[in-house]
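Inside the fold
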Amino acid sequence: MRIRSVIAVLVAVAIVALLVFGLVSKGNSRLAVGETAPSPELPKLEEPGSGSLKEYRGQWVLVNFWASWCIPCRDEAPALEQFQKEHGSKNFTILGIDTQDLSDDGTKFADQYELSYPQLHDGNGDTGHEFGTTGVPENYLVKPNGKLAWAVAGPVDAKILNEQVSPLLPPKSKES
Amino acid sequence: MTFSPRGGRLTTIFAVLVALTALLAPTVAAAAEAPSSLRTTLNEIEEEVMCPVCGTLLGLAESPQATREKAFVEKLVKEGKTKSEIKDELVAQYGDAVLAEPNGSGFSISAYVVPIVAFIIAAILLAGAVWKWRRSSGGGDGSLPAVEGPSDEDRRRLDEDLGRYDL
């Protein structure tokens, strides 16, 4: 009788453990302000080699998750490029992450919108999941120390960039 | 109509050869077509890979990402790539998650191992339950429980009944 009880408890524990594992592994909690942004190594989109958000430590970085098949991404791309032209400096850059997309499609997209800021390719979407993205586009402003300063799920436009992102950037980067 | 023994033997050999040819023809034809059978189609691939964004089979997906993925597969099919080459290209683009079947390494192996282990455990439990049931029903050695014969009273009544009917 005791053995049977032990087996029953073990089976119950195993089932609960599996459920917890499933929830934890599928859980997609969005990165919160103040948390350290993930910075895995990713292939560069338009050139050989790899890159990482880590390489931009010391700079403010607006991480933009996008995909060529995403229509709102097409709408926000010109505003992002304009913002990069106005604010890009040694203190600030936009870092595009083309996610769950074909690399050729992503490259064509970047060429079409003449995106001058660096681009990485997150083909399997793992980096997006680490940030807690639920779709594209999503934007995350990362401080020079790697902590998240601001985020928005959805597309940005010139108004959002100028009213919400620009005031967070240090004066030096605004002048550069 | 008569046949000489020699003629009959030739007829038998001929019949066996015809039968063998008929049996082997499809195999030979299939072997000859082997290279083309490696060719695949979009429909075939769609049933074996995922749309990573939708989380469903590519064949069931209609999202913009799925449309691009289908176009990519179609392009590779037209280039004459085999099914495994196309899957490799998809994995290079989207990672292992694009494969509908678990890849059989790391945690994915549990998809294969868990059902087998569950089946073995269920079989052991079932065998144990049957063994226990048979033991509790009396025949510990597998034989049926002994049946007692009629009592003396029953024998007497049976004899009376038989005597009454004069059998």
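Notes on the structure in this doc start here. The structure displayed is predicted, hence computed values, not measured ones. (Residues numbered from 1 in each chain as written. Chains lettered and ligands numbered in written order. Predicted model: local features only at pLDDT ≥ 70, side-chain atom pairs only at ≥ 80, totals over all residues. Heavy atoms only, no water.)

1. Focus on the state of the cysteines
The full count for this structure, using the stated rule, is two disulfides over all chains. Across a sulfur-sulfur distance of 2.2 Å, Cys70(A) and Cys73(A) are joined as a disulfide pair. In this structure, the disulfide formed by Cys70(A) and Cys73(A) twists by about 90° around the S-S bond and is classed as right-handed. On the basis of relative accessible area, Cys73(A) is assigned to the buried category, the value being 2%. A sulfur-sulfur separation of 2.2 Å characterises the disulfide bridge that pairs Cys51(B) with Cys54(B). For the disulfide bridge between Cys51(B) and Cys54(B), the dihedral angle about the S-S bond is near 60°, and by the sign convention the bridge is right-handed. By relative accessible area, Cys54(B) is classed as partly exposed at 31%. (Disulfide = S-S within 2.5 Å. Buried < 20%, exposed > 50% of the residue type's maximum accessible area, 1.4 Å probe, protein only.)

2. Description of a negative patch on the surface
Residues and elements named next belong to chain A. Together, Glu-46, Glu-47, Asp-111 and Glu-114 line one region of the surface with negative charge. Assignment of secondary structure puts Glu-47 in the loop between β1 (42-43) and β2 (50-51). Among the residues examined, Glu-47 registers a relative accessible area of 48% and is labelled partly exposed. (Patch = residues over 30% accessible without salt bridge, like charges linked within 9 Å, V, L, I, M, F, W, Y side chains within 5 Å. Areas by Shrake-Rupley, 256 points an atom, 1.4 Å probe, with all protein chains shown as cover. Salt bridge = Lys/Arg side-chain N within 4 Å of Asp/Glu carboxyl O. Lys, Arg positive; Asp, Glu negative; His and termini not counted. Charge placed at Lys NZ, Arg CZ, Asp CG, Glu CD. Helix = DSSP H or I, 4+ residues; strand = E, 2+ residues; numbered from the N terminus.)

3. Considering the nonpolar core
By size, the foremost hydrophobic cluster in this structure holds 41 residues, and its most contacted members are Leu53(A), Leu62(A), Val63(A), Phe92(A), Phe131(A), Leu141(A) and Leu161(A). When residues of this core are traced back to their parent elements, those giving at least two are β3 (60-66), α2 (71-87), β4 (92-99), α3 (103-112), β6 (138-142), β7 (148-153) and α5 (158-165) of chain A. In terms of residue count, the dominant contributor to this core is β3(A) (six residues). What Leu161(A) contacts, discounting residues up to four positions off in sequence, is Leu62(A), Ala79(A), Leu80(A), Phe83(A), Val156(A) and Ser166(A). Core analysis: the second largest hydrophobic core is formed by 15 residues, Leu102(A), Ala66(B), Ile86(B) and Val98(B) among them. (Core = buried A, V, L, I, M, F, W, Y, C linked by side-chain atoms within 4.5 Å. Contact = heavy atoms within 4.5 Å.)

4. Quick word on the side chain of Glu69(B)
Residues and elements named next belong to chain B. As for its placement among the helices and strands, Glu-69 is situated in helix α4 (residues 64-78). Buried charge Glu-69 goes without a salt bridge, the closest partner of opposite sign being Lys-70 at 8.9 Å. Not counting chain neighbours up to four residues away, the residues in contact with Glu-69 comprise Val-49, Met-50, Cys-51, Pro-52, Leu-58, Leu-90, Tyr-94 and Val-98.

5. Concerning the environment of Trp69(A)
With respect to the helices and strands, Trp69(A) occurs in the loop between β3 and α2. Classification of Trp69(A) as buried rests on a relative accessible area of 11%. Along the chain, Trp69(A) and Val136(A) lie 67 residues apart, while their C-alpha atoms are 9.7 Å from each other. In this view, Trp69(A) contacts Arg74(A), Thr99(A), Gln100(A), Asp101(A), Val136(A), Val53(B), Pro64(B), Gln65(B) and Arg68(B); residues no more than four positions away in its chain are not counted.

The values reported here are purely geometric and, on their own, carry no functional implication.
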